[in-house]
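As a plain string of letters, each chain reads:
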Amino acid sequence: MDKEALEQEENDDLYEHHRFVAEKGQQPLRVDKFLMNYIEKATRNKIQKAATAGNIYVNDVPVKSNYKVKPHDVVTVMFAHPPYEFLLVPEDIPLDIVYEDDAVLVVNKPAGMVVHPGHGNYSGTLINALTYHFENLPNNSSGRPGLVHRIDKDTSGLLVVAKTEEAMTHLASQFFNKTTERTYTALVWGNMEEDQGTVEGHIGRHPKNRLQNTVFLGEEAELKGKPAVTHYQVQERLGYVTLVSCTLETGRTHQIRVHMKHIGHTLFNDERYGGEKILKGTTFTKYKQFVENCFKVLPRQALHAATLGFEHPVSGEFMRFQAALPEDMEKCIAKWRDYAKHMQ
């Protein structure tokens, strides 16, 4: 094969950047508008250019931007270069390693660090750091080295990383079979009525805000969501907020954030779900100033992955790790403790 033909063949290779399956109840909708609902920070102009270039496919066939998406259509956006998340650049970023052996690594991730590269976050991620510090990490099914599970960018706390193929398989099986132990500490708005309880509700993409998830009940549950179970226990009552411990039985995206909002106790300063507003308390100016100071001390959702337990993939021993609350959460909780004392 001559050089020109070889280059042409290489250029014909397309890489999937986005893939969405239209829901059963999808109303006919132009594919450019459909994709704008799903792709964060995408403009209609950018999507229409992709369609003009022949990069938008529906059921493996290229379509124009005016194609009407129907139920169960598989919509993919393809380009001639790999997605940025596959162009991993190792970066010398310090890691807070809680435990390490030949098979696994347990890391305490700081708030603000994205776990893996994606749209708008192509550097400074945990994966960038891992690929710098460790060679030959196994890829998971999404091509992400070492990653068995993830936590949100602005959630701090514990993650286990697989260092071998065997560890990857073993740990992935534990997460799938719900035999791991994951407990989070959260500060939520409102004074919870019960000292403990369980939230059960299928979680799926919010129909109007594609950046949020929500709880679906009744007939919609199976169609639009996946089963999710969160157990919670009150740790401390602090007036207009409550410190709770949440144990995950399942691991859906934003699970604790969605379930707590569902029962009327949105996470403190959770901007995506409305917790950055003053949801409980008084109308006094001093109180408003106090809460805004708390927001400054803790400029993120008040959520920390405090405990992680799993069976070691080689020894079979059940291992449990704990990470103390980070300084920003500690300071915010201390402020609420002082406020609660003055209320009494």
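On a predicted model such as this, the values are computed, not experimentally measured, just so you know.

### Overview of the pattern of salt bridges
If charged atoms from side chains of opposite charge come close, those side chains can pair. Under the counting rule described, the total for this entry stands at 14 salt bridges. Between Arg-150 and Asp-152 there is a salt bridge, and its shortest N-O distance comes to 3.8 Å. Asp-152 is the partner of Arg-257 in a salt bridge, and the nearest nitrogen-oxygen pair spans 3.0 Å. Linking Arg-257 in helix α7 (residues 255-262) with Asp-152 in the loop between α4 (126-133) and β9 (156-162), this pair joins segments that are 105 residues apart in sequence. Overall, Arg-257 belongs to the buried group, its relative accessible area being 6%. Taking relative accessible area as the criterion, Asp-152 reaches 11% and is therefore assigned buried. One network of salt bridges, with partners in common, ties together Arg-150, Asp-152, Arg-257 and Asp-270.

### A look at the pairing of strand β16 (residues 303-311)
With respect to burial, β16 is a largely interior element, 8 of its 9 residues being buried. Here β9 pairs with β16 via 2 bridges, running parallel. Each bridged residue has a counterpart across the sheet, and for Gly-157 the counterpart in β16 is Ala-305. Where β16 meets strand β17 (residues 318-322), 5 bridges bridge the pair, whose relative direction is antiparallel. Its bridge partner lying in β17, Phe-310 is registered against Met-319. The loop that links β16 with its antiparallel partner β17 comprises 6 residues; one of these, Gly-316, has a positive phi angle of about 80 degrees.

### Some words on empty space enclosed by the protein
Summed over the entire model, instances satisfying the criterion amount to 1 cavity of 30 Å³ or more. Of the volumes computed, that of the largest cavity is approximately 30 Å³. Lining the largest cavity are His-149, Leu-158, Arg-182, Tyr-184, Ala-305, Thr-307 and Leu-308. Broken down by secondary-structure element, the contributors of at least two residues to the lining of the largest cavity are β10 (181-189) and β16. In terms of residue count, the dominant contributor to the lining of the largest cavity is β16 (3 residues).

### Quick look at the nonpolar core
With 31 residues, the main nonpolar core has Leu-126, Leu-130, Ile-256 and Met-260 as its most contacted residues. Only β8 (104-109), α4, β9, β10, β14 (229-238), β15 (241-248), α7 and β16 provide two or more residues apiece to this core. By residue number, the principal contributor to this core is α4, which donates 4 residues. Dropping the residues within four chain positions of it, Met-260 is found in contact with Val-188, Met-192, Val-199, Tyr-232, Cys-246, His-265, Thr-266 and Leu-267.

Rules and cut-offs
- Residues numbered from 1 in each chain as written.
- Predicted model: local features only at pLDDT ≥ 70, side-chain atom pairs only at ≥ 80, totals over all residues.
- Heavy atoms only, no water.
- Salt bridge = Lys/Arg side-chain N within 4 Å of Asp/Glu carboxyl O.
- Helix = DSSP H or I, 4+ residues; strand = E, 2+ residues; numbered from the N terminus.
- Buried < 20%, exposed > 50% of the residue type's maximum accessible area, 1.4 Å probe, protein only.
- Pairing = 2+ DSSP bridges.
- 1 Å grid on protein atoms, 1.4 Å probe; cavity = no way out; pocket = protein on both sides within 12 Å on 5 of 7 lines; lining within 4 Å.
- Points joined across faces, edges and corners; volume = space filled by probe spheres on them.
- Core = buried A, V, L, I, M, F, W, Y, C linked by side-chain atoms within 4.5 Å.
- Contact = heavy atoms within 4.5 Å.

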